[in-house]
Amino acid sequence: MGWRQRQPNLFMTQSTALRLTGLSKRFGSVVANDDVSLTLEKGEVLALLGENGAGKTTLMNMLFGHYLPDSGTVEVADENGTLHPLPLGHPQAALAAGVGMVHQHFALAENINALDNITLGSEPLRSFRRNRNRAKTKIEGIIERSGLSAPLNVPVGRLSVGERQRVEILKALYRDARILVLDEPTAVLTPQEADTLFDNIKAMTKDGLSVIFISHKLREVLAFSDRIAVLRHGKKVGEMATADADEKVIARMMVGADTPKVARTEMAPGAPVLKLSNVSVEGRAKRDTLKSVNLTVNAHEILGIAGISGNGQSGLANVISGLAQPSAGTITVDEQDVPKPSPGTMVKAGIGRIPEDRHHEGIVGAMSVAENMVIERLDDPAIQSRGLLKRDAIQANAEKLAKAYDVRGPGVTAASRLLSGGNIQKLILARVFERSPRLILANQPTRGLDMGAAAEVGRRLLEARERGAGVVLISEDLDEILGLADRIVVIRDGNLVEAISHDREQIGLIMAGEPA
Amino acid sequence: MMDLLNILMTESFWAASLRIATPLIFGVLGALICERAGVLNLGIEGIFVVGAMCGWMAVWLGTGLWGGVLVAALAGAFFGLLHAILTVPLGLSQHVSGLGITLFATSVSYYTYRTALPDVSSPPRIEPFRALDIPIVSDLPFFGPVLFQQTALTWLALLMVALVWYVMNRTALGVAIKAVGDNPDSVDAQGLSVYGLRMGAIVAGSALMALGGAFLTMSAFDAFFFGMVNGRGWVCIALVIFASWRPGKALLGALLFGAFDALQVRLQTEMGALVPGQVFLMAPYILSIIALVIAARSADYPRALLTPWFKGQR
């Protein structure tokens, strides 16, 4: 049984499963996709690569009918391999033609169980009776063949992230999908879960399933795809067999230029700058909760906090930035106790904060770039005297920083919300680094940034380390932590576990909660 | 103390509780359907008035009692459709639209009544629903008088509890309504219409609400008065939270409120000399607030409640 043991000759006879021709889409003045053409062979795994905003998700949403393209056609092969044009803008039509899409943000209702989520929409709404047993038998058959298992009778809200993702894929397979589109499928998985997922997918392609997956993790793209297509600024800029590709070639294609490799020099750690002793935080959810953790960050050191999202990262970030009060334990900055942590006292103690949600917690969108640059030091006499702001000084400061940190946009007097995500992050970096903080808390500092901007963030963090600051780098991107951190601590379920080595496998096991 | 026990033992007390609970059962079920689909319907108070007025007027004009029930349901569905258009495809604030519907529906009802009967001092009466006297079972001790001497509309309300429960828990339609109130994307991704499901739920829920109003003029009383709905719609909005959006618990909540209300009337007559009557009038509301505070702490709101959804935006 299983996809593996069936006759694999279906993919031997090459036939096209999907053909996109000349797809274009504009949102207002932004061109999201410009004349993109793409084919997918039967039984093939195609990786769609590109930086954030390159148009990958838009392209797939047009294929699935969520967006109506401005021009172009989509053709999908039927069971016999004949291509038929797909009516555009109708998810129902895409589903009927055998296209299944697994979104990056799961489209699951959490108050109903997996079985109901899977069968939703394939049963007639007018019928007064349901044949749950028949649906159950069919799903169990799919689970057996594909190896994608998930409890069917529990509300989806109680399933783990990995299980939810498997439910999403089962949804597509239940609809007899012959083409599966996965939008960043591994963003929320541990390395081991990701590998298992791809093994399952690989096995299913032997039975004729064709897969497109969107990713920006080069490692998994090289390991699991047959062919790679790269998008940049909404255009397809390259296509190659995975066998002929390597990281360098792909990265250059994605960015359009070589990215400077971040240089990292070995450095002896200095005195401790931040110490958490038996600190507990009672949060409202698991992600805000810490269970009696100990943590020391030294000068000249970047401490990486790895872990699957939602395991207490927010709790740790909140307690270091003073937003959450520890229910037990002590916090020491530069060997001085902080008796009453609050955002104000922590900033005064020398902590610089690069928040996770840069749009909402990092800036005040309606205020100007210049104002946002001084917003954490309004008591500085260089900025104000007797409560009146020195507008010229603020303006001069902003112009200086915008130049030094390459903050681009409509100008320093414009509202900061008009900046792009990368430039907002540069604004925050400028504000934080100008204060020469003793400790920098960087929470997901490169999420959503393109490679160039991400490299810049890494360079700035290393610069601060050289100067003698300590850095706490919280990230879900293990590669980023492996590249920057001196020491790695894994956060899981509100506990911290120090990783002995920089070994990806071992860190993955600790993330998953298995005894390493 | 003995007095209280004596009251609780009487058949007439429980019969009155069920009678008072009937409009609330309709109302809570209606609100429950709307909120399960993710839309708060604060038009309920006004839709009660519309149902009361239209049902009564139809009968007065000669449609017959069941014709009146149908007219009331259709009138409720109409105002539900208005709320649905404003809040679903247009995505306006559900609070503002709902309160607007209440003001509009109430005023239109009063206006229509006054225009039709410009100079009537005492409101004209209709022949209301009579108690269904079912042979044999009506003569059962205790249960006979409590259950089997209610009007057909009370029976319809109890039937609706079972029907709504069945649809919500045993049909594909119910699953889809629950899903659209939790995560509309899940419904959209499976090719179902978010707008269709939400609007349909609001229209159906509003028709049920109107039946709650119709019960007042066609069963509890036999005429239409200004102010006769008297906050029953708002009580339903609270009860639906108490019921945690479940039909069975909705029935329980409505019966509890009905029992408190029936009790306070009796306590007023027994103890009216000691305590001012207004204290008793307040009692059911205060007790509902207390029950709500306890229930709402663990309330599991439909996740997409109050959140508009637009096609093509994610």
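Quick notes on the rules
Once a new chain begins, its residue numbering starts again from 1 and follows that chain's sequence as written. Naming scheme: in the order in which they are written, chains are lettered from A and ligands are numbered from 1. Only residues with pLDDT of at least 70 get local features here, since the model is predicted, and only at 80 or more are side-chain atom pairs given and counted; chain-wide, interface and lining totals rely on the full set of residues. Side-chain calculation: all heavy atoms of the structure are included, whereas hydrogens and water are not. Here a helix means four or more residues in a row that DSSP labels H or I, a strand means two or more in a row labelled E, and each is numbered from the N terminus. A radius of gyration in this sense is built from C-alpha atoms; the matching globule rule multiplies 2.2 Å by the number of residues raised to 0.38. Burial classification: accessible surface area is computed with a 1.4 Å probe over protein chains only, and a residue below 20% of its type maximum counts as buried, one above 50% as exposed, and the rest as partly exposed. Here, two residues are considered to be in contact whenever any of their heavy atoms come within 4.5 Å of each other. Only four residue types enter the tally: Lys and Arg on the positive side, Asp and Glu on the negative side; His and the chain ends are excluded. All charge positions are set by atom: Lys at NZ, Arg at CZ, Asp at CG, Glu at CD. Here's the idea: put two parts together, see how much 1.4 Å probe accessible area each one loses, and the total over both is what we call buried area. The term salt bridge refers to a side-chain nitrogen of Lys or Arg lying within 4 Å of a carboxyl oxygen of Asp or Glu. Within 3.5 Å is the distance limit for a polar contact, defined as a pair of N or O atoms, with the added protein rule that one can donate a hydrogen and the other accept it, and that residues adjacent in sequence qualify only through two side-chain atoms. Each residue receives one of three labels: charged for Asp, Glu, Lys and Arg, nonpolar for Ala, Val, Leu, Ile, Met, Phe, Trp, Tyr, Cys and Pro, and polar for the others, Gly being one of them. When DSSP finds at least two bridges between two strands, those strands are taken to pair. Residues belong to one nonpolar core when they are buried, are Ala, Val, Leu, Ile, Met, Phe, Trp, Tyr or Cys, and are joined through side-chain atoms within 4.5 Å. The axes used here are C-alpha line fits, helices contributing only the stretch in contact, and every angle between their N-to-C directions lies in the interval 0 to 180 degrees. Each angle receives one of four descriptions, namely roughly parallel if under 35 degrees, roughly antiparallel if over 145, roughly perpendicular if within 65 to 115, and oblique otherwise. A helix's residues, less one, multiplied by 1.5 Å, set its expected span. Picture the helix axis, draw a direction to every C-beta atom, and the arc is the one those directions span. Pairing of aromatic side chains requires ring centres within 6.5 Å, counting the rings of Phe and Tyr and the six-membered ring of Trp. Pairs whose planes differ by under 30 degrees are stacked, by over 60 edge-to-face, and all others tilted. The criterion is that NZ of a Lys, or CZ of an Arg, lies within 6 Å of the ring centre and within 35 degrees of the ring normal, and then a charge sits over that ring.

Visitor: Looking at this structure, I do not really get the overall build of chain A. What am I missing?
Guide: Helix and strand content of chain A: 17 helices and 22 strands. Here the C-alpha radius of gyration of chain A, 25 Å, is about what a compact globule of 516 residues would show, namely 24 Å. Taking the principal axes of its C-alpha atoms as reference, chain A extends roughly 75 × 50 × 50 Å. When the 516 residues of chain A are sorted by exposure, 52% land in the buried category. Long-range pairs, those at least 24 residues apart, make up 69% of the contacts in chain A with a sequence separation of at least 6. Here chain A holds 62 positive side-chain charges and 62 negative ones, and the gap between their average locations is 4 Å.

Visitor: Would you take a moment to explain the interface of chain B and chain A for this structure?
Guide: How big an interface is tends to be expressed through the accessible area that disappears when the partners come together. Each partner contributes to the interface: chain B provides 27 residues, whereas chain A provides 29 residues. Of the roughly 2,300 Å² buried where chain B meets chain A, counting both sides, 59% is carbon and sulfur surface. In this structure, the connection of chain B to chain A is made through one salt bridge. Between arginine 303 of chain B and glutamate 110 of chain A there is a salt bridge whose closest N-O contact spans 3.2 Å. At the junction of chain B and chain A, the tally comes to 10 residue pairs in polar contact (both at pLDDT 80 or more). Sorting the residues of the side of chain B that touches chain A by element identifies α7 (152-170), α8 (172-182) and α9 (184-189) of chain B as the ones contributing at least two each. Considering each element in turn, the side of chain B that touches chain A owes the most residues, seven residues, to α8 of chain B. Across the side of chain B that touches chain A, the residue classes break down as 12 nonpolar, six polar and nine charged.

Visitor: What's the story with the pairing of strand β6 (residues 99-102) of chain A in this structure? I'm lost.
Guide: Regular strands show a simple pattern: their side chains alternate between the two faces of the sheet. Residues and elements named next belong to chain A. Side-chain alternation along β6 places Val99 and Met101 on one buried face and Gly100 and Val102 on a second face that is also buried. Sheet topology places β6 next to strand β7 (residues 179-183); four bridges connect them, and they run parallel. Looking across to β7, one finds that methionine 101 is bridged to valine 181.

Visitor: Sorry if this is basic, but what is going on with the environment of alanine 349 of chain A here?
Guide: Residue and element names in this part refer to chain A. Within the secondary structure, alanine 349 sits in helix α10 (residues 343-349). Looking at alanine 349, the relative accessible area reads 28%, which means it is partly exposed. Sequence separation between alanine 349 and aspartate 337 is 12 residues; the distance between their C-alpha atoms is 9.8 Å. Discounting residues that sit within four places of it in the chain, alanine 349 has contacts with Val333 and Arg438.

Visitor: Explain the nonpolar core to me, please; I cannot follow it from the model alone.
Guide: Among soluble globular proteins, nonpolar side chains are generally buried collectively. Among the nonpolar cores identified, the biggest contains 91 residues, and Trp56, Val187, Leu208 and Phe224 of chain B are the most heavily contacted of them. Filtering out sequence-adjacent residues up to four positions away, valine 187 of chain B remains in contact with Leu120 of chain A together with Ala176, Ala179, Val180, Leu192, Val194 and Leu197 of chain B. Within the second largest apolar cluster, 46 residues are counted, among which are Ile394, Leu462, Ala469 and Val471 of chain A.

Visitor: Is there a simple way to think about the packing of α7 of chain B against α8 of chain B in this case?
Guide: Packed helices, taken two at a time, are described by their axes: the angle between them and the distance between them. Residues and elements named next belong to chain B. Their axes nearest at 5 Å, the elements α7 and α8 cross at an angle of 75°. In terms of orientation, α7 lies roughly perpendicular with respect to α8. Across the interface between the two elements, Val167, Met168, Asn169 and Arg170 of α7 pack against Ala172, Leu173, Gly174, Val175, Ile177 and Lys178 of α8. Classifying every residue of the contact of α7 with α8 by side-chain character gives six nonpolar, two polar and two charged.

Visitor: So what exactly am I meant to see when it comes to helix α13 (residues 391-404) of chain A here?
Guide: Spacing of three or four residues puts side chains on the same side of an α-helix, whose turn is 3.6 residues. All names here are of chain A. In this model α13 runs 20 Å from its N-terminal to its C-terminal C-alpha over 14 residues, within 8% of the 20 Å that 1.5 Å per residue would give. Restricting attention to buried positions, one finds in α13 the residues Ile394, Asn397, Ala398, Leu401 and Ala402. For α13, the angular spread of buried residues about the axis comes to 130°, placing them on one side. Projecting away from the buried face of α13 at angles above 90 degrees are the exposed residues Asp392, Lys400 and Lys403. Those residues of α13 hidden inside the fold are in contact with α12 (369-373), β18 (388-389) and α14 (421-434). Downstream of α13 by a residue or two, aspartate 406 has a phi angle that is positive, lying close to 60°.

Visitor: Looking at this structure, I do not really get the sheet that holds strand β4 (residues 71-77) of chain A. What am I missing?
Guide: Strand pairing in a sheet takes place through backbone hydrogen bonds and is either antiparallel or parallel in direction. All names here are of chain A. Within the open sheet, the four strands sit side by side as β2-β1-β4-β5. Their pairing is antiparallel. Every interior strand has two partners, whereas the edge strands, β2 (30-41) and β5 (83-85), have only one. Averaged over all adjacent pairs, the angle separating strand axes in this sheet is 20°, with direction ignored. By the bridge criterion, eight bridges tie strand β1 (residues 16-27) to β2 in an arrangement that is antiparallel. Across the sheet, the residue bridging to leucine 18 is leucine 40, located in β2. Across the face of the sheet, helix α1 (residues 56-64) comes into contact with β1, β2 and β4 while running at roughly 115° to β1.

Visitor: It is not clear to me how the packing of aromatic side chains should be interpreted in this structure. Could you clarify?
Guide: Aromatic ring pairs: the centre-centre distance and the angle between the two ring planes describe each pair. All chains considered together, the criterion is met by 18 aromatic pairs over all chains. The structure contains a cluster of three or more aromatic residues connected by ring pairs, namely Trp56, Trp60, Tyr110, Tyr113, Phe224 and Phe226 of chain B. One Lys or Arg, lysine 138 of chain A, reaches over the ring of tyrosine 174 of chain A and ends 4.7 Å from the middle of that ring.

Visitor: Sorry, what's going on with the side chain of serine 225 of chain A here?
Guide: All names here are of chain A. Secondary-structure assignment places serine 225 in the loop between α7 (218-224) and β9 (227-232). There is a polar contact of 2.7 Å between the side chain of serine 225 and the backbone oxygen of valine 221. A polar contact of 2.8 Å, which involves the side chain of serine 225, links it to the side chain of threonine 242. Those residues in contact with serine 225 that sit more than four places away from it in its chain are Val45, Ala47, Phe213, Glu220 and Thr242.

Visitor: I would appreciate a short explanation of unusual backbone geometry in the present structure.
Guide: Working note: non-glycine residues mostly have negative phi, and peptide bonds are mostly trans. Residues and elements named next belong to chain A. The backbone of aspartate 35 shows a phi angle near 50°, a positive value even though the residue is not glycine. Structurally, aspartate 35 can be placed in strand β2. Positioned with a positive phi, aspartate 334 is a non-glycine residue whose angle comes to about 50°. Residue position: aspartate 334 is located in the loop between β14 (328-333) and β15 (336-337).

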